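Next come the chains, spelled out residue by residue.
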Amino acid sequence: GNYKEAFKHLDDVKTGDTMTITDNGQTMNYRVYRTAIINDDDLSVLEQPSDKEIVTIMTCWPPGTITKRYVVQAERIKTNSPPTESVSSRSVLNAN
C-alpha cells in the first residue's frame with residue numbers, strides 16, 4: 001500500500017475514543033488520553049511509564065509533509081468486555 005495513506009485519518013481519533021489491538025491472538029483494548037501535534041524531532045512521547053501500558057501512534061502532519069507529527073496516546077483498559085466504540089470499527093487506522 002501507499003505509506004502516505006496508512007494513518008491519513010489518525011486526526012479523526014479523539015480523547016476518550018477506544019481502540020482494539022490484536023497481537024499474536026491476544027486482543028487488547030486502549031482508551032485515548034492524548035492527541036497532539038509535535039515537532040518531528042520530539043521523541044519524548046515515546047518514553048514509557050513503568051506503571052502503565054501505553055500505545056503511541058504517530059504520523060507525519062500535515063499528511064504528506066515531514067516537519068510535524070500527529071500523535072495519539074492511549075492507555076490499556078484492563079477489562080474483559082469489548083470497548084463501546086473502537087477506532088478500528090470506524091476504519092480510522094485502515095489504509096483503504
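Everything here concerns the structure above.
A brief report on the enclosed structure follows. (Residues numbered from 1 in each chain as written. Predicted model: local features only at pLDDT ≥ 70, side-chain atom pairs only at ≥ 80, totals over all residues. Heavy atoms only, no water.)

### Points about the overall build of the protein
- When you go through the protein residue by residue, the secondary structure sums to 0 helices and 4 strands.
- Going from the N terminus to the C terminus, the protein shows its helices and strands as β-β-β-β.
- Relative to its full complement of 96 residues, the protein shows a buried share of 27%.
- At a minimum sequence separation of 6, the contacts of the protein that also span at least 24 residues come to 59%.
- Carbon and sulfur atoms form 48% of the exposed surface of the protein, whose accessible area is close to 6200 Å². (Helix = DSSP H or I, 4+ residues; strand = E, 2+ residues; numbered from the N terminus. Buried < 20%, exposed > 50% of the residue type's maximum accessible area, 1.4 Å probe, protein only. Contact = heavy atoms within 4.5 Å. Areas by Shrake-Rupley, 256 points an atom, 1.4 Å probe, with all protein chains shown as cover.)

### Points about the environment of threonine 20
- Tracing the backbone through its elements, the reader meets threonine 20 in strand β1 (residues 18-23).
- Here the side chain of threonine 20 touches asparagine 29 through a polar contact of 3.0 Å, side chain to side chain. (Polar contact = N/O pair within 3.5 Å; in protein donor to acceptor, adjacent residues only side chain to side chain.)

### Topic: the sheet that holds strand β3 (residues 54-61)
- Taken in spatial order, the 4 strands of this open sheet run β1-β2-β4-β3, and their pairing is antiparallel. Every other strand in the sheet has two partners, leaving β1 and β3 as the edge strands with one partner each. Going from strand to strand, the sheet's axes swing by 35° on average, the running direction of each strand aside.
- Pairing geometry for strand β2 (residues 26-39) and strand β4 (residues 68-77), over 10 bridges, is antiparallel. Note that in β4 the partner of isoleucine 37 across the bridge is tyrosine 70. (Pairing = 2+ DSSP bridges. Axes fitted to C-alpha atoms, helices over the stretch in contact; angles between N-to-C directions.)

### Side note on the pattern of salt bridges
- Under the definition given, this model contains 2 salt bridges.
- Ionic pairing is found between arginine 76 and glutamate 53, a salt bridge with its closest N-O pair at 2.9 Å. Placement of the pair is arginine 76 in strand β4 and glutamate 53 in the loop between β2 and β3, with a sequence separation of 23 residues.
- By relative accessible area, glutamate 53 is classed as partly exposed at 32%.
- Of the charged contacts in the structure, one is a salt bridge between lysine 78 and glutamate 53, with a shortest N-O distance of 2.4 Å. A residue pair is termed long-range when its members are at least 10 positions apart, and lysine 78 in the segment after β4 and glutamate 53 in the loop between β2 and β3 qualify at 25 residues.
- Residues joined by salt bridges that share partners form a network here, namely Glu53, Arg76 and Lys78. (Salt bridge = Lys/Arg side-chain N within 4 Å of Asp/Glu carboxyl O.)

### A closer look at the side chain of threonine 56
- Along the chain, threonine 56 falls in strand β3.
- Not counting chain neighbours up to four residues away, the residues in contact with threonine 56 comprise Val45, Leu46, Gln48, Val71, Val72 and Gln73.

Geometric values such as these leave the question of function open.
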